[in-house]
Amino acid sequence: MKEPAEYHNKSFTTKQFDKLELLTKIVLKRGDGKVDPGSIYLQQDEAEAVVNQVFQIFLSNSNDPDYVPEQGIRAFLNGLASPEDMGEVPLVSLSARAKSNFPMLNSTIRQYFRSKFLSEPQLRLPEVERPSHLLNKDFLTLLYLSNATIQKTPKLYLLYSTLSNGAALERVVYALRGYNAPTLILIRHTEKRRNGQQESFIFGGFNKKEWVDNASYSGDADNYIFSLSPVFRNYFTSKGNGENSFAYLNSQRNGNPKGLGFGGQNFANFRLWIDEDLENRSYTRGQDGTFEEGELIDP
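Residues numbered from 1 in each chain as written. Predicted model: local features only at pLDDT ≥ 70, side-chain atom pairs only at ≥ 80, totals over all residues. Heavy atoms only, no water.

Draft legend 1. Spotlight on unusual backbone geometry. Cis geometry marks the peptide bond from Ser229 to Pro230, where omega comes out at 10°. Tracing the sequence through the fold places Pro230 in the loop between β8 (224-229) and β9 (233-236). Residues other than glycine seldom take positive phi values, yet Ser119 does so here, at roughly 60°. Relative to the elements of secondary structure, Ser119 occurs in the loop between α5 (105-117) and β3 (127-128). Not every positive phi belongs to a glycine, and Phe267 is a case in point at roughly 60°. (Helix = DSSP H or I, 4+ residues; strand = E, 2+ residues; numbered from the N terminus.)

Below, the structure written as structure tokens:
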């Protein structure tokens, strides 16, 4: 495919745009190749239109062509919001935040362009083997844009659900023990907020290695934790403080805490903890030494 002459303009080339910025120009029809990306500002509805197009990469062949991924768009943009945003948001700022939160975003958009213009295979989300009460297409898309392992996975298998298997740590451990493949842990927490309204939060963690039930830490630096809804944010080890408390599992009474966790130090103060008393003593924290600082549940 021959590049247009404007790509080679001496004062500016469209190659200065990253893939999200280029997609924004196409969706919003913002000028020609001479438009400096630093001069583009987005209103809320424009940002929503661009993010919607990102989701349509995967939804364009769905059985419901009129479906709008409202949950996904909201979580995507909530995760990029900054106190400095006042009305319009600079595209370069939004793009930089998006690349930080979604490591696979630019490569996904690049492959989308190649499928559109070079007839390469279209991108597809992994098949979900059994319906999940937490993982819809919106949320799976957000995880896909963050995780190279999920991008390479043709099918996701539901190993455990409280609705199907009951709320018991022993059943969680039974589902995980011996499963030699990466796993996603998804949790929904509902609480009454200060305004008196009930609000639900979905968050979790990713373990690339097999879970080891031996009352010690396992996993590696590819592990991470995330909030999924209503705000999508990833907390990677690369932005942590160098600790290696990646993942913990213990189902025995041996003096160490009985439960499943991510982060923490010396088997305490876990960043995400699922206790043997799942519904009453589990908790999250906003910081530890392994993962980037940030809340899994907005205070």
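Draft legend 2. Fine view of the sheet that holds strand β13 (residues 283-284). Spatially, five strands are ordered β7-β10-β11-β12-β13 in an open sheet, and the strand pairing comes out antiparallel. Both outer strands of the open sheet, β7 (217-218) and β13, are each paired with one neighbouring strand and no more. Direction of pairing for β7 relative to strand β10 (residues 247-250): antiparallel, over a ladder of two bridges. Across the sheet, residue Ser218 finds its bridge partner in β10, namely Ala247. Here helix α9 (residues 169-176) sits on the sheet and contacts β10, β11 (259-262) and β12 (272-275); the angle it forms with β11, its principal contact strand, is near 65°. (Pairing = 2+ DSSP bridges. Contact = heavy atoms within 4.5 Å. Axes fitted to C-alpha atoms, helices over the stretch in contact; angles between N-to-C directions.)

Draft legend 3. The layout of surface pockets, seen in detail. When its volume is computed, the largest pocket comes out at roughly 1,400 Å³. What lines the largest pocket is a set of 45 residues, and nearest its centre among them are Leu134, Tyr160, Ile185, Leu186 and Ile187. Of all elements in the fold, only α7 (148-151), β4 (155-156), α8 (162-165), α9, β5 (183-192), β6 (198-207), β12 and β13 reach the threshold of two or more residues within the lining of the largest pocket. The leading source of residues in the lining of the largest pocket is β5, at eight residues. (1 Å grid on protein atoms, 1.4 Å probe; cavity = no way out; pocket = protein on both sides within 12 Å on 5 of 7 lines; lining within 4 Å. Points joined across faces, edges and corners; volume = space filled by probe spheres on them.)

Draft legend 4. The packing of aromatic side chains, seen in detail. According to the stated counting rule, one finds 16 aromatic pairs in the structure shown. Relative to Phe270, the ring of Tyr217 has its centre 6.2 Å away and its plane inclined at 45°; by these criteria the two rings are tilted. Of the two residues, Tyr217 is situated in strand β7 and Phe270 in the loop between β11 and β12; the sequence distance between them amounts to 53 residues. A relative accessible area of 1% places Phe270 in the buried class. Residues Tyr248 and Trp273 carry aromatic rings whose centres are separated by 5.9 Å and whose planes lie at 40° to one another, so their mutual orientation is tilted. Here the residue Tyr248 occupies a position in strand β10, and Trp273 occupies one in strand β12, the gap between them amounting to 25 residues. Judged by relative accessible area, which is 0%, Tyr248 ranks as buried. For Trp273, a relative accessible area of 4% translates into the label buried. (Phe/Tyr/Trp six-rings, centres within 6.5 Å; stacked < 30°, edge-to-face > 60°. Buried < 20%, exposed > 50% of the residue type's maximum accessible area, 1.4 Å probe, protein only.)

Draft legend 5. Local environment of the sheet that holds β8. In space, the four strands of this open sheet follow the order β5-β6-β8-β9, with antiparallel pairing throughout. Two strands in the sheet have a free side with no partner beyond their single neighbour: β5 and β9. Between one strand and the next, the sheet's axes are offset by a mean angle of 20°, whatever the strand orientation. Relative to β9, β8 is paired through four bridges, and the arrangement is antiparallel. Following the sheet pairing, Tyr224 is matched in β9 by Phe236.

Draft legend 6. Main features of the environment of Arg110. Tracing the backbone shows Arg110 in helix α5. C-alpha of Arg110 to C-alpha of Leu59: the two residues are 51 residues apart in sequence and 17 Å apart in space.

Draft legend 7. Structural detail: empty space enclosed by the protein. For the structure on display, the rule yields two cavities of 30 Å³ or more. By volume, the largest cavity amounts to about 50 Å³. Together, Leu20, Thr24, Leu42, Ala47, Val50, Val51, Phe76, Leu80, Leu91, Leu94 and Ala98 line the largest cavity. Every element with two or more residues in the lining of the largest cavity is listed here: α1 (19-28), α2 (44-59), α3 (70-80) and α4 (91-101). Class assignment for the residues of the lining of the largest cavity results in 10 nonpolar, one polar and no charged. Approximately 40 Å³ is the volume found for the second largest cavity. (Nonpolar A, V, L, I, M, F, W, Y, C, P; charged D, E, K, R; others polar.)

Draft legend 8. Region of the structure containing the side chain of Asp288. With respect to the helices and strands, Asp288 occurs in the segment after β13. Judged by its relative accessible area of 14%, Asp288 falls in the buried class. In terms of polar contacts, Asp288 uses its side chain to reach the backbone amide nitrogen of Gly264, at 3.2 Å. Only 3.3 Å separates the side chain of Asp288 from the backbone nitrogen of Thr290, close enough to count as a polar contact. Apart from residues lying up to four places away in sequence, Asp288 is in contact with Asn241, Gly263, Gly264 and Arg271. (Polar contact = N/O pair within 3.5 Å; in protein donor to acceptor, adjacent residues only side chain to side chain.)

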